[in-house]
Amino acid sequence: DAYLRQSEVGALDSLYMDSLAIQKNLKIEADAPKLMKEAIGDPDKMSQSDKALSTYTGGKLTVKDFLRWARVLPPQVTGQLKTAPDSMLTRFARILSTNVLLINQADSAGIKPSPEQWAEMVAQYTQQVDSVKAHMDLAAAADTSASQAERLKVADAKGDAYMDQILTGTKRFIP
């Protein structure tokens, strides 16, 4: 029963997203896969690009927008994007664009998380940041009795040590 209900909700979500894309005249640009691969390959060079990956009524998804989304993906996913076939990248651009349309629609309708939901998101974020700090052994970099320059120096050294440990396989990467 729960499986059927979940399947039905998924199907309705998909129908809604498809109708939103049609309503907003979503169009994926022909060169979107090429631009996405360039952006993943050289994010510094492409981080300010306003070239459109998709257009829709009232806006577009740019290479710059794509890179903002890509930065939060796990490294293995971005690695897969580098070698993905154009058809998969076109689909990914469609999904991102539809998500942007949905976010825009929620914003324009004034939909926001409840205070309880917001508090839960902040708590999860704080927990993740604390976990990364502990994993990287950054406690000394948070010592407010030290100057900012000293804390930055410690954080830089800890970051370098962490990267060395990842490269040698003695620590795992935490996104």
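The structure presented is a predicted model; accordingly, all values stated were derived computationally and were not measured.

Averaged over all residues, the pLDDT of the chain equals 89, while 99% of them reach at least 70. Mean pLDDT in the chain bottoms out at helix H1 (residues 2-23), which sits at 81, and peaks at strand S1 (residues 27-28), which reaches 98.

Further remarks concern helix H2 (residues 32-41). By the burial criterion, the buried members of H2 are Ala32, Pro33, Leu35, Met36, Ala39 and Ile40. Buried positions in H2, seen along its axis, are confined to an arc of 165° and lie on one side of it. Across H2 from its buried face, at more than 90 degrees, point the exposed residues Lys34 and Gly41. Along its buried surface, H2 packs onto S1, helix H3 (43-46), strand S2 (52-56), helix H4 (63-70), helix H5 (75-83) and helix H6 (86-108).

Looking now at the packing of H2 against H4. The geometry of H2 relative to H4 is characterised by a closest axis approach of 10 Å and an angle of 55° between their N-to-C directions. One finds that H2 runs oblique with respect to H4. The element H2 and its partner H4 pack so that their crossing is right-handed. For the pair formed by H2 and H4, the contact residues are Leu35, Met36, Ala39 and Ile40 on the first element and Val63, Phe66, Leu67 and Ala70 on the second.

What follows is about the packing of aromatic side chains. Here the structure, examined in full by the defined rule, presents one aromatic pair. Taking the centre distance of 6.4 Å and the plane angle of 85° together, the rings of Phe66 and Phe92 count as edge-to-face. Taken together, the residues span a long stretch of sequence, with Phe66 in helix H4 and Phe92 in helix H6 at a distance of 26 residues.

As a further point, take the pattern of salt bridges. Taken as a whole and assessed by the stated rule, the structure comprises six salt bridges. Of the charged contacts in the structure, one is a salt bridge between Lys64 and Asp50, with a shortest N-O distance of 3.1 Å. Of the two residues, Lys64 sits in helix H4 while Asp50 sits in the loop between H3 and S2, which places them 14 residues apart along the sequence. Among the salt bridges present, the one from Asp137 reaches Lys158, with a minimum N-O distance of 2.8 Å. Pair noted here: Asp137 is in the loop between helix H7 (115-136) and helix H8 (148-168) and Lys158 is in helix H8, with a separation of 21 residues, a long-range link. The partly exposed category is assigned to Asp137, whose relative accessible area is 41%.

Let us look at the sheet that holds S1. Taken together, the three strands give an open sheet; going across it, the order is S1-S2-S3, and neighbouring strands pair in antiparallel fashion. Each edge of the open sheet carries a strand with a single partner, namely S1 and strand S3 (59-62). Looking at chain direction, S2 and S3 are connected through four bridges and run antiparallel. Looking at the pairing, Tyr56 lines up with Gly59 of S3.

The subject of this paragraph is unusual backbone geometry. One non-glycine residue, Asn25, lies in positive phi territory at about 55°. Backbone geometry places Asp137, a non-glycine residue, at a positive phi of 60°.

Another point: the layout of surface pockets. Over the atoms a probe the size of a water molecule is rolled, and this reveals where empty space is left. Approximately 250 Å³ is the volume found for the largest pocket. For the largest pocket, the lining is made up of twelve residues, of which Ala70, Arg71, Val72, Leu73 and Thr78 are closest to its centre. When contributions to the lining of the largest pocket are tallied by element, the ones reaching two or more residues are H2, H4 and H5. Among the residues forming the lining of the largest pocket, the class breakdown is ten nonpolar, one polar and one charged. Approximately 170 Å³ is the volume found for the second largest pocket. A per-element tally of the lining of the second largest pocket places H6 first, with five residues. Here the residues of the lining of the second largest pocket sort into three nonpolar, three polar and three charged.

Definitions and cut-offs
- Residues numbered from 1 in each chain as written.
- Predicted model: local features only at pLDDT ≥ 70, side-chain atom pairs only at ≥ 80, totals over all residues.
- Heavy atoms only, no water.
- pLDDT = per-residue confidence, 0-100.
- Helix = DSSP H or I, 4+ residues; strand = E, 2+ residues; numbered from the N terminus.
- Buried < 20%, exposed > 50% of the residue type's maximum accessible area, 1.4 Å probe, protein only.
- Arc of directions from axis to C-beta.
- Contact = heavy atoms within 4.5 Å.
- Axes fitted to C-alpha atoms, helices over the stretch in contact; angles between N-to-C directions.
- Parallel < 35°, antiparallel > 145°, perpendicular 65-115°, else oblique.
- Left-handed = near helix turned anticlockwise from the far one by under 90°.
- Phe/Tyr/Trp six-rings, centres within 6.5 Å; stacked < 30°, edge-to-face > 60°.
- Salt bridge = Lys/Arg side-chain N within 4 Å of Asp/Glu carboxyl O.
- Pairing = 2+ DSSP bridges.
- 1 Å grid on protein atoms, 1.4 Å probe; cavity = no way out; pocket = protein on both sides within 12 Å on 5 of 7 lines; lining within 4 Å.
- Points joined across faces, edges and corners; volume = space filled by probe spheres on them.
- Nonpolar A, V, L, I, M, F, W, Y, C, P; charged D, E, K, R; others polar.

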